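Results of the structural survey
For reference, the chains in residue letters:
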Amino acid sequence: DMKERTINVNHQLVRYSDLGFQIETPKSRNGIRQLPMTDGVYKCFQGLIKQVMKRKTQPIVDGKSGFFYLDSKRQPMVVGGWEIIFRKAVKKYNEEHPHETMPDITPHICRHTCCTNMARAGISPKALQYLMGHANIKTTLNVYAHLKFDDAREEMEKLQLIKSS
């Protein structure tokens, strides 16, 4: 919703090898949520929408169209396509930087990275749980937010600064 600057997560695109593409509801009711857009995301979506509007034809799945990314067959991009792109990018990087290689990266790892970065930025755990679409705060904090000793030290240093002033 560009007017309200929100992302309404209420369905997902799934590709089945035998059935093709389908639109389904998220795995759980907590997966259905509304996310606020940052200015950067808003601008990115504006550019994507302009590109979509330039297309002569649009793939349609269960009555929905306007997919931002299409694969080489002009079909909506699903996770498998992104995994191939990520794999190729990592392979190319590792070939060019043999002494500082990157591990395998998947689209799902980006969810972990986003969650960790938001936790490091100080977002409240309950807000983070909502944004991630998790039913249980334990999933958010114990599986997705990967904070370490340096993060704890930084928090302790902030407390020390507060007590000193």
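Higher on the page you've got the structure.
Right, let's walk through the structure included here. Just so it is clear, the structure is predicted and the values come from calculations on it, not from any experiment.

1. A look at the overall build of the protein
Each helix and strand counted, the protein has six helices and four strands in total. Helices and strands appear in the protein in the N-to-C order β-β-β-β-α-α-α-α-α-α. Over its C-alpha atoms the protein spans a radius of gyration of 20 Å, topping by over 25% the 15 Å that the globule rule assigns to 165 residues. Total accessible area on the protein is roughly 12,400 Å²; 56% of this is exposed by carbon and sulfur atoms. The protein carries 26 positive and 17 negative side-chain charges, and their two centres are separated by 5 Å.

2. Observations concerning the packing of aromatic side chains
All chains considered together, the criterion is met by two aromatic pairs. Where phenylalanine 45 meets phenylalanine 68, the ring centres are 5.3 Å apart and the plane angle is 45 degrees; that geometry is what we call tilted. Within this pair, whereas phenylalanine 45 is found in helix α1 (residues 39-54), its partner phenylalanine 68 is found in the loop between α1 and α2 (79-96), the two being separated by 23 residues in sequence. Seen from their ring centres, tyrosine 69 and tryptophan 82 are 5.1 Å apart, and the 85 degrees between their planes marks the pair as edge-to-face. Separated by 13 residues along the polypeptide, tyrosine 69 in the loop between α1 and α2 and tryptophan 82 in helix α2 bring together distant segments of the chain. On the basis of relative accessible area, tyrosine 69 is assigned to the partly exposed category, the value being 39%. Residue tryptophan 82 is classed as partly exposed on the basis of its relative accessible area of 27%.

3. With respect to the pattern of salt bridges
Scanning the model with the defined rule gives four salt bridges in all. A salt bridge links aspartate 151 to arginine 120, with the shortest nitrogen-to-oxygen separation between them at 2.6 Å. Taken as a pair, aspartate 151 in helix α6 (residues 149-164) and arginine 120 in helix α3 (residues 107-121) lie far apart in primary sequence, 31 residues in all. Taking relative accessible area as the criterion, aspartate 151 reaches 14% and is therefore assigned buried. A relative accessible area of 39% places arginine 120 in the partly exposed class. A salt bridge links lysine 158 to glutamate 155; its shortest N-O distance comes to 3.3 Å. Residue lysine 158 and its partner glutamate 155 are both found in helix α6; the two are separated by three residues, about one turn of the helix. The class for lysine 158 is partly exposed, based on a relative accessible area of 37%.

4. What to know about a nonpolar patch on the surface
Among the surface-exposed residues, Met156, Leu159 and Ile162 lie close enough to one another that they form a single nonpolar patch of about 330 Å² accessible area. The topology assignment puts leucine 159 in helix α6.

5. Here we look at the packing of α3 against helix α5 (residues 137-144)
At a minimum axis separation of 10 Å, α3 and α5 run at an interaxial angle of 100 degrees. Classified by the interaxial angle, the pair formed by α3 and α5 is roughly perpendicular. Of α5, the residues touching α3 (which contributes His108, Arg111, His112, Cys115 and Thr116) are Thr140, Val143 and Tyr144. Per-class residue counts for the contact of α3 with α5 are three nonpolar, four polar and one charged.

6. Let's talk about unusual backbone geometry
Positive phi, normally seen in glycine, also occurs at aspartate 62, with a value near 50 degrees. Examined against the element boundaries, aspartate 62 turns out to sit in the loop between α1 and α2. By relative accessible area, aspartate 62 is classed as exposed at 54%. In this structure, arginine 74 is a non-glycine residue whose phi angle is positive, near 65 degrees. Mapping arginine 74 onto the fold places it in the loop between α1 and α2.

Conventions we followed
Residues numbered from 1 in each chain as written. Predicted model: local features only at pLDDT ≥ 70, side-chain atom pairs only at ≥ 80, totals over all residues. Heavy atoms only, no water. Helix = DSSP H or I, 4+ residues; strand = E, 2+ residues; numbered from the N terminus. Rg over C-alpha atoms; globule rule 2.2 N^0.38 Å. Areas by Shrake-Rupley, 256 points an atom, 1.4 Å probe, with all protein chains shown as cover. Lys, Arg positive; Asp, Glu negative; His and termini not counted. Charge placed at Lys NZ, Arg CZ, Asp CG, Glu CD. Phe/Tyr/Trp six-rings, centres within 6.5 Å; stacked < 30°, edge-to-face > 60°. Buried < 20%, exposed > 50% of the residue type's maximum accessible area, 1.4 Å probe, protein only. Salt bridge = Lys/Arg side-chain N within 4 Å of Asp/Glu carboxyl O. Patch = residues over 30% accessible without salt bridge, like charges linked within 9 Å, V, L, I, M, F, W, Y side chains within 5 Å. Axes fitted to C-alpha atoms, helices over the stretch in contact; angles between N-to-C directions. Parallel < 35°, antiparallel > 145°, perpendicular 65-115°, else oblique. Contact = heavy atoms within 4.5 Å. Nonpolar A, V, L, I, M, F, W, Y, C, P; charged D, E, K, R; others polar.

By themselves, these figures tell us nothing about what the structure is for.
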